[in-house]
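Architecture at a glance
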Amino acid sequence: MNSYSIEDFLDSVFVRSHSDETVKTYKGGVHQFEKFLLEKKRDSLSATVEKTISGEIDAYQLLRDFVVFQDKSGLKPRTIHIRINAVKSYLRFCGVKIYTEDFKQSVKMPRKITPQEIPLTKEIIQRLLRNVSPKLQTIILVAVSSGMRISEIVQLRIGDFDFNSEPTKIRLRAETTKTRTARDVFITKEAALALKDYLRRYHKWDGTKESIRQDKVVFGRTSINRNSIKNEKELKTVPLIATKSLLQKSLESAIKNIPELNMKSVDGKRAIHFHAFRKFFRTTVGNVSGRDFAEALMGHQFYLDTYYQLPEEKKKAMYLDVEPYLTISDFENVEKKLETISAKYSTLNEKFNNLLKYFEKKSISVPEELS
């Protein structure tokens, strides 16, 4: 293998991301670039790299031609962006100098089209829960109340849960997160109860640590054909990929015959999918406790440093404030009670302030602790 080996490049991608999906995406991008060179009767991939390094081929012109080729093939802008990023990374790995500003000036990328999405509501989620399996019900409630990625949820182990915490806390291990940074998330009482029921029903959990292995995967898929697995690396990654795929298919199957749940946006994508639960969480928490808190809980790197400077009790208190708005079952009564309590507080506060003004007007002394 020479220094332009695609396998070597993909190994470097995995070392950085530890994500098989990222590796798969980059591999696809580079292979499409190879097909482009072949179809346009250009040099082989390795020869093209050598000529680009030597300056015989202009790197920006090469990338510009690849963009135009894909655009004329009718590919969506998002796909073109993904592939061009993969090829840029590969060329840089091989030693080709590609500068961000020069690329922006030289290579015009198609604008990404962002269609308006159909937002999830509690009514939609509530109806969805009535039409899915107990396993999916639990996963949906955990996703909606925590903001976790589906890839993080399917890697949860028994020992990651702290049911003694108020609210229930989940410790996400660094190796399971997209950013490779450990973080804590919380779930609602509603989700915690569903999770406990699921553990009792499917894992024979009796509420004690001694009753079950703490490293056991909670939502893992066990029906894997191990004879088809080639090596130790695949043995670790196949169950994760298989579980995600099975859950996505199960969700699609549950809603396909219910028009009100099988809604699609203008680009043909379903409104109900696992990432939509994260968006519901982001919007709900952001409206109540602010964007920064929501983004940190979701694991967006930029906000995590500020989040971890908050005392543990402060984080719990902020989550408890938003918990009623993340509760799906009987949410109308919960929110009505919140509105009633808020109205009563405002009325009492107004009366108290009026009373203080009256005392002041009558020159009546007020105890310092009441003023």
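See the structure printed just above.
None of the values given here were measured: they were computed from a predicted structure.

A separate point is the overall build of the protein chain. Looking only at helices and strands, the protein chain has 16 helices and three strands in total. Burial status across the protein chain gives 39% buried among its 371 residues. Put simply, 63% of the contacts in the protein chain that link residues at least 6 apart link residues at least 24 apart. Carbon together with sulfur atoms contributes 50% to the accessible area of the protein chain, which is approximately 22,000 Å² in total.

Turning next to the packing of aromatic side chains. In this structure the tally under the stated criterion is 14 aromatic pairs. Between Phe 9 and Phe 93, the aromatic rings sit 5.6 Å apart at their centres with planes inclined by 55 degrees, giving tilted as the arrangement. Here the residue Phe 9 occupies a position in helix α1 (residues 6-17), and Phe 93 occupies one in helix α5 (residues 77-94), the gap between them amounting to 84 residues. Grouping aromatic residues by their ring pairs yields a cluster made of Phe 9, Tyr 26, Tyr 90 and Phe 93. Stacked on the ring of Phe 103, the Lys or Arg Lys 88 has its end atom at 4.0 Å from the ring centre.

For soluble globular proteins, nonpolar side chains are generally found buried alongside one another. Counting 63 residues, the largest nonpolar core has Leu 128, Ile 140, Ile 153, Ile 272 and Phe 277 as its most contacted members. Per-element accounting of this core gives the leading share, seven residues, to helix α8 (residues 134-146). Look past the residues within four positions of Phe 277 in its chain and what remains in contact with it is Leu 120, Leu 128, Ile 140, Ala 143, Val 144, Leu 251 and Ile 272. Formed by 30 residues, the second largest nonpolar core is a distinct cluster that contains Phe 14, Ala 59, Val 67 and Tyr 90.

A separate point is the pairing of strand β2 (residues 168-172). Here β2 lies mainly inside the structure; four of its five residues are buried. Alignment of strand β1 (residues 161-162) against β2, held across two bridges, turns out to be antiparallel. Among the inter-strand pairings, Phe 161 is bridged to a residue of β2, identified as Ile 170. The turn joining β1 and β2, which pair antiparallel and follow one another in sequence, is formed by five residues. Pairing geometry for β2 and strand β3 (residues 183-187), over five bridges, is antiparallel. Looking at the pairing, Lys 169 lines up with Phe 186 of β3.

We now examine the pairing of β3. Most of β3 is tucked away, with five of its five residues classed as buried. Burial of β3 is two-sided: the residues Arg 183, Val 185 and Ile 187 facing one way and the residues Asp 184 and Phe 186 facing the other way are all buried.

Look at helix α3 (residues 45-54) against α5: their axes get within 10 Å of each other, and the N-to-C directions meet at 65 degrees. Relative to α5, the element α3 is oriented roughly perpendicular. Our pair here, α3 against α5, has a crossing hand that is right-handed. Packed against α3, whose contacting residues are Leu 45, Val 49 and Ile 53, the element α5 presents Tyr 90, Leu 91 and Cys 94 at the interface.

This next bit is on helix α15 (residues 312-326). Taking 1.5 Å per residue as the helical rise, α15 with its 15 residues ought to reach 21 Å, and the 20 Å between its terminal C-alpha atoms agrees with that figure. Along α15, the helix axis deviates most sharply at Leu 320, where the bend reaches about 30 degrees; the proline Pro 324 sits within four residues downstream. Restricting attention to buried positions, one finds in α15 the residues Lys 315, Lys 316, Met 318, Tyr 319, Val 322, Glu 323, Pro 324 and Leu 326.

Scanning the entire structure with this criterion turns up 18 salt bridges. The partner of Glu 260 in a salt bridge is Arg 127, with the nearest N and O atoms 3.5 Å apart. Of this pair, Glu 260 sits in the loop between α11 (232-255) and α12 (274-289) while Arg 127 sits in helix α7 (residues 122-129), and the two are 133 residues apart along the sequence. With relative accessibility at 31%, the residue Arg 127 sits in the partly exposed group. With a shortest N-O distance of 3.1 Å, Lys 189 and Glu 166 are connected by a salt bridge. On the criterion of sequence distance, the pair formed by Lys 189 in helix α10 (residues 189-203) and Glu 166 in the loop between β1 and β2 is long-range, its members being 23 residues apart. By relative accessible area, Glu 166 is classed as partly exposed at 44%. Residues joined in a network through salt bridges with shared partners are Arg 149, Glu 152 and Arg 183.

Basis of the calculations
- Residues numbered from 1 in each chain as written.
- Predicted model: local features only at pLDDT ≥ 70, side-chain atom pairs only at ≥ 80, totals over all residues.
- Heavy atoms only, no water.
- Helix = DSSP H or I, 4+ residues; strand = E, 2+ residues; numbered from the N terminus.
- Buried < 20%, exposed > 50% of the residue type's maximum accessible area, 1.4 Å probe, protein only.
- Contact = heavy atoms within 4.5 Å.
- Areas by Shrake-Rupley, 256 points an atom, 1.4 Å probe, with all protein chains shown as cover.
- Phe/Tyr/Trp six-rings, centres within 6.5 Å; stacked < 30°, edge-to-face > 60°.
- Lys NZ or Arg CZ within 6 Å of the ring centre and 35° of its normal.
- Core = buried A, V, L, I, M, F, W, Y, C linked by side-chain atoms within 4.5 Å.
- Pairing = 2+ DSSP bridges.
- Axes fitted to C-alpha atoms, helices over the stretch in contact; angles between N-to-C directions.
- Parallel < 35°, antiparallel > 145°, perpendicular 65-115°, else oblique.
- Left-handed = near helix turned anticlockwise from the far one by under 90°.
- Expected span 1.5 Å × (residues − 1).
- Bend = angle between axes of the 7 residues up to and from the residue.
- Salt bridge = Lys/Arg side-chain N within 4 Å of Asp/Glu carboxyl O.

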